[in-house]
Amino acid sequence: AERLLTEALAICGDIGARRLEAQLRYRVGELHFERQDLAAAEAAFRAVLATTGDTEDPVGRAYALLGLGRVRLAHRDLPAAEAALGEALALMQQTGHRLGVGQARLALAEAALEAGNEAVAVSRLEDADATLAQIGAAIWRGRVAEVGDRLGCGRKGRELRSWGR
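Residues numbered from 1 in each chain as written. Predicted model: local features only at pLDDT ≥ 70, side-chain atom pairs only at ≥ 80, totals over all residues. Heavy atoms only, no water.

Quick notes on the packing of aromatic side chains
1) Next: Summed over all chains, the structure comprises two aromatic pairs.
2) Next: Taken together, a centroid distance of 5.5 Å and an interplanar angle of 40° make the contact between Tyr26 and Phe45 tilted. Here Phe45 lies in helix α3 (residues 38–52) and Tyr26 lies in helix α2 (residues 18–34), a separation of 19 residues in the sequence. There is no split in this pair, since Tyr26 and Phe45 are both buried.
3) Next: Put simply, the rings of Tyr26, Phe45 and Tyr63 pair up and form one aromatic cluster. (Phe/Tyr/Trp six-rings, centres within 6.5 Å; stacked < 30°, edge-to-face > 60°. Helix = DSSP H or I, 4+ residues; strand = E, 2+ residues; numbered from the N terminus. Buried < 20%, exposed > 50% of the residue type's maximum accessible area, 1.4 Å probe, protein only.)

Focus on the environment of Ala84
1) Next: Residue position: Ala84 is located in helix α5 (residues 78–95).
2) Next: Exposure remark for Ala84: the relative accessible area of 8% places this residue in the buried category.
3) Next: If near-sequence neighbours (up to four positions away) are discounted, Ala84 is found in contact with Leu65 and Gly69. (Contact = heavy atoms within 4.5 Å.)

Quick look at the nonpolar core
As a rule of thumb, nonpolar side chains are buried together in soluble globular proteins.
1) Next: Counting 29 residues, the largest nonpolar core has Phe45, Leu65, Leu66, Val71 and Leu85 as the members making the most contacts within it.
2) Next: Elements with a minimum of two residues in this core: α2, α3, α4 (58–74), α5 and α6 (98–114).
3) Next: If we skip the residues at most four places from it in the chain, Leu85 touches Leu66, Gly69, Arg70, Ala104, Ala107, Leu108 and Ala111.
4) Next: In this structure, Leu106, Val122, Ala137 and Val144 belong to the second largest nonpolar core, which totals 13 residues. (Core = buried A, V, L, I, M, F, W, Y, C linked by side-chain atoms within 4.5 Å.)

A short note on the pattern of salt bridges
1) Next: Throughout the structure, instances matching the rule amount to 14 salt bridges.
2) Next: When the shortest N-O distance is used, the salt bridge between Asp77 and Arg72 registers 3.4 Å.
3) Next: For Asp77, a relative accessible area of 26% gives the class partly exposed.
4) Next: Among the ionic contacts, a cluster of salt bridges with common partners joins Glu42, Arg46, Arg72 and Asp77. (Salt bridge = Lys/Arg side-chain N within 4 Å of Asp/Glu carboxyl O.)

What about the packing of α2 against α3?
1) Next: Viewed as axis vectors pointing N to C, α2 and α3 meet at an angle of 165°, and their least axial separation amounts to 8 Å. Classified by the angle between their axes, α2 and α3 sit roughly antiparallel to one another. Judged by the twist between their axes, the crossing of α2 over α3 is left-handed. Facing Arg18, Glu21, Ala22, Arg25, Tyr26, Val28, Gly29, Glu30, His32 and Phe33 of α2, the residues of α3 in contact are Leu38, Ala40, Ala41, Ala44, Phe45, Ala47, Val48, Ala50, Thr51 and Thr52.
2) Next: Its residues assigned to classes, the contact of α2 with α3 comprises 12 nonpolar, four polar and four charged. (Axes fitted to C-alpha atoms, helices over the stretch in contact; angles between N-to-C directions. Parallel < 35°, antiparallel > 145°, perpendicular 65-115°, else oblique. Left-handed = near helix turned anticlockwise from the far one by under 90°. Nonpolar A, V, L, I, M, F, W, Y, C, P; charged D, E, K, R; others polar.)

Without other data, these values stay purely geometric and don't point to any function.
So this is what it looks like as structure tokens:
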């Protein structure tokens with residue numbers, strides 16, 4: 001997959017397809033993130049930010065910030081993660097991209113959980129679940145349930161574990 005994406009990136013460069021190039025670079029970043037090659041993932045997400053500019057492709061920029069925030073979260077750099085994820089959420093909301101809003105809220109919930117702020121994590125998970133339920137994003141609601149599982153026990157824990165199932 002990575003070889004094909006690299007070839008496609010070269011073609012995008014040749015024909016000047018900047019938006020498609022940004023989308024492909026984002027996918028390359030996701031591949032690296034899934035392989036836990038955080039340095040390569042961060043480089044790919046930063047390349048997307050360089051390609052999208054501040055206003056040229058706000059959804060592409062938001063996804064790059066979401067990816068970058070997830071990388072910073074994996075590094076336990078919570079202030080940088082919160083900043084990138086908060087900017088991603090704001091852009092997703094401005095553009096009306098509801099799946100991205102749900103994904104950003106979920107990542108922000110994970111950041112709150114990592115910071116030990118369970119009340120904020122629960123609130124953000126509830127917001128993420130409500131958004132994802134509106135658009136029928138079952139896979140992402142399953143991710144909400146996984147984060148809910150990490151929150152623990154009691155009535156609220158049982159409610160969170162039932163989300164997406």
